[in-house]
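# Report on the structure
Okay, here's what each chain looks like letter by letter:
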Amino acid sequence: MKVPLLDLKVGYQDIKAEVEAAVLETMRAQAFILGKRVQDFESAIAAYVGVEHAVACASGSDALLLSLMALGVGPGDEVVTTPYSFFATAGCIARLHATPVFADIDPETFNIDPGQLERAMSPRTKAVIPVHLFGQCADMTAIMEICSRRGVPVVEDAAQALGARWRGEAAGAFGACGCFSFYPSKNLGGFGDGGMVTTNDPGLALKLRALRAHGGTRKYTYEHVGMNSRLDAIQAVVLQVKLRRLESYHEGRRRNAEAYRRLFGDAGLTGTVVLPVERAEAFHVYNQFVVRVPDRDRLRDSLKQQGVGTEVYYPLSLHRQPCFEGLGYATGAFPRAEAAERDSLALPVYPELTEEQLTHVVSAIAAFFG
Ligand SMILES: *Cc1c(COP(=O)(O)O)cnc(C)c1O
């Protein structure tokens, strides 16, 4: 039996007719970049997240970069974030010639630890980027309290967490900006790259709209030096079709996570395999189902031989990346992130998995641990 980490072709069957009709209509209209279709999608995301404004752009990475640009982050500024995330979380800071400052994670959720975050802040802290990793919100109660007290804006990296909630409020609705990605492997994935910034601040929304189009608010007049980072109409119509099903995708992922908990329990493996911790305040949307295991790399090889696809998110923490050597962080600086590098393993959790496939994954792990 084959259980890939992600199988986009299965899910496509359910939406094929609707998506293909929408794409065909867009092609015939010869609609390409931004325009009404993208505006409609922006409104739909704003409503879904529960914010006033949503500004579409070319990727999740650009959503982060545009947000920091809109907040005026630049040389001499520090931005505090987690060392345990996808590269873009810190890359956007360095690209603006500001300094990434890292704060270690909560070992249970892999999300930034608010106590560590507060200790890492300084008078030079211009912004804070919590990441809602794997589809579970960081502790936004504590983070918003710390940052509001100091008047520091929060940029949420919600690339993996569209639809996730913390105490009932949606990821992307807490901070000055919420950043989303529509990379195909995210819970709402397009037919290529795409991104979105959400905000309740009308001034920031205006600036973000300018910055994604070279910094101009009127044609050929530029108030800022921006970039070219826009969303295509074809992506917008595809994403609209999938957005209408997003809640059912989340349900599928959450159902699979529950099934894993039951199956690992039945197999007597919960002493060996540490299952993801779901905080009581969180509605987790399981973009990834990440377990912690001993002998991770050999288990991964064995699973591959047994037809099970897995991935390591992330094998090298951000403070240990070669390009950030100049920041001066030694190995050992963030022991919780470094422990997660060694023992975390993402298992297949996509919505269309069958009970037989889930059972196979758990049996394959049981076979390895004997
Ligand atoms: C995917 C991702 C991004 C970047 O999004 P892209 O659309 O691929 O540019 C940023 N941060 C996190 C945590 C991500 O998972």
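Note: the structure precedes this text.
First things first, this report covers the structure right here in the doc. Given the structure is predicted, the values throughout are model-derived calculations rather than measurements.

## A word on the environment of Gly203
- Structurally, Gly203 is set in helix α7 (residues 202-211).
- By relative accessible area, which is 43% here, Gly203 ends up partly exposed.

## Quick look at the pairing of strand β8 (residues 177-181)
- Of all the 5 residues making up β8, 5 are buried; the element is thus mostly covered by neighbouring parts of the structure.
- Burial along β8 is two-sided: the residues Cys177, Cys179 and Ser181 and Gly178 and Phe180 are all buried.
- Here strand β5 (residues 155-157) pairs with β8 via 3 bridges, running parallel. By the bridge assignment, Asp157 is partnered in β8 with Cys179.
- Direction of pairing for β8 relative to strand β9 (residues 195-199): antiparallel, over a ladder of 4 bridges. In the strand pairing of β9, Cys179 is matched with Val197.

## Comments concerning the packing of helix α9 (residues 246-266) against helix α12 (residues 355-369)
- As a packed pair, α9 and α12 sit with axes 10 Å apart at the nearest point and diverge in direction by 40°. Between α9 and α12, the angle is such that the two are oblique. The element α9 and its partner α12 pack so that their crossing is right-handed. Between α9 and α12, the residues in contact are Asn256, Ala259, Tyr260, Arg262, Leu263 and Phe264 and Glu355, Leu358, Thr359, Val361, Val362 and Ile365, respectively.
- The residue inventory of the contact of α9 with α12, partitioned by class, reads 8 nonpolar, 2 polar and 2 charged.

## A few points about the nonpolar core
- With 54 residues, the main nonpolar core has Phe41, Ile45, Val49, Leu162 and Leu188 as its most contacted residues.
- Elements that contribute at least two residues to this core include exactly α1 (8-29), α2 (35-49), β1 (53-57), α5 (114-120), α6 (140-150), α8 (233-243) and α9.
- Looking at this core, you find at least three residues from each of domain 1 (8-243) and domain 2 (246-369).
- Apart from residues no more than four positions distant in its own chain, Ile45 is found in contact with Ala54, Leu162, Phe182, Leu188, Met196, Thr198 and Leu243.
- The next biggest cluster of nonpolar side chains, apart from the first, holds 28 residues, and it includes Phe289, Val308, Ile365 and Phe368.

## Observations concerning helix α4 (residues 88-95)
- Of all 8 residues making up α4, 6 are buried, and the element is well covered by its neighbours.
- Residues of α4 that are buried: Ala88, Thr89, Ala90, Gly91, Cys92 and Ile93.
- Contact partners of the buried residues in α4: α3 (60-70), β2 (78-81), β3 (99-102), β4 (125-129) and β5.
- Positioned one or two residues after α4, His97 has a phi angle of 60°, which is positive.

## Details of unusual backbone geometry
- Cis geometry marks the peptide bond from Tyr313 to Tyr314, where omega comes out at 10°.
- Within the secondary structure, Tyr314 sits in the loop between α10 (296-305) and α11 (335-343).
- One non-glycine residue, His97, lies in the positive phi region at around 60°.
- Residue position: His97 is located in the loop between α4 and β3.
- A positive phi angle, close to 65°, is found at Tyr220, a residue other than glycine.

## Looking at the site of the ligand
- Within the structure, the ligand sits among 15 residues, and Gly60, Ser61, Gln160, Ser181 and Lys186 are positioned closest to it.
- Contact between the ligand and Gly60: an oxygen atom at 2.8 Å from a main-chain N or O atom of the residue.
- Gln160 places a side-chain nitrogen or oxygen 2.7 Å from an oxygen atom of the ligand.
- Here the ligand has 380 Å² of accessible area as a free molecule, and 93% of this is covered by the chains.
- For the shell around the ligand, the secondary structure elements donating two or more residues are α3 and α4.
- For the shell around the ligand, a count of residues per class yields 5 nonpolar, 8 polar and 2 charged.

What counts as what
All residue numbers refer to positions counted from 1 along the written sequence of the respective chain. Where totals are concerned, whole chains, interfaces and linings use all residues; where local detail is concerned, this predicted model gives features only for residues with pLDDT of at least 70, and gives and counts side-chain atom pairs only at 80 or more. In computing side-chain properties, one takes all heavy atoms of the structure into account and sets aside hydrogens as well as water. Segments assigned H or I by DSSP are reported as helices when at least four residues long, segments assigned E as strands when at least two residues long, and all are numbered from the N terminus. Any residue under 20% of the maximum accessible area for its type is buried, any over 50% is exposed, and the rest in between are partly exposed; the area is computed with a 1.4 Å probe on protein chains only. For two strands to pair, DSSP has to find at least two bridges joining them. Angles shown run from 0 to 180 degrees and are taken between the N-to-C directions of axes, each axis being a line fitted to C-alpha atoms and, for helices, limited to the stretch in contact. Roughly parallel covers angles under 35 degrees, roughly antiparallel covers those over 145, roughly perpendicular covers 65 to 115, and oblique covers all other angles. A crossing counts as left-handed when the near helix is turned anticlockwise from the far one by less than a right angle, and as right-handed when that turn is clockwise. It only takes one pair of heavy atoms within 4.5 Å for two residues to be counted as in contact. The nonpolar class holds Ala, Val, Leu, Ile, Met, Phe, Trp, Tyr, Cys and Pro. Asp, Glu, Lys and Arg form the charged class, and all remaining residues, Gly among them, are polar. Take the buried residues of types Ala, Val, Leu, Ile, Met, Phe, Trp, Tyr and Cys, join any two whose side-chain atoms come within 4.5 Å, and each joined set is a nonpolar core. Boundary definitions for the domains trace back to an automatic or database domain assignment. Being near a molecule or strand, for a residue, comes down to having at least one heavy atom within 4 Å of it. The term polar contact refers here to a pair of N or O atoms within 3.5 Å; inside protein, the definition further demands a hydrogen-donor-capable atom paired with an acceptor-capable atom, and it admits residues adjacent in sequence only when both atoms are side-chain atoms. What sets the accessible areas is the Shrake-Rupley method with a 1.4 Å probe; for residues, cover comes only from the shown protein chains.

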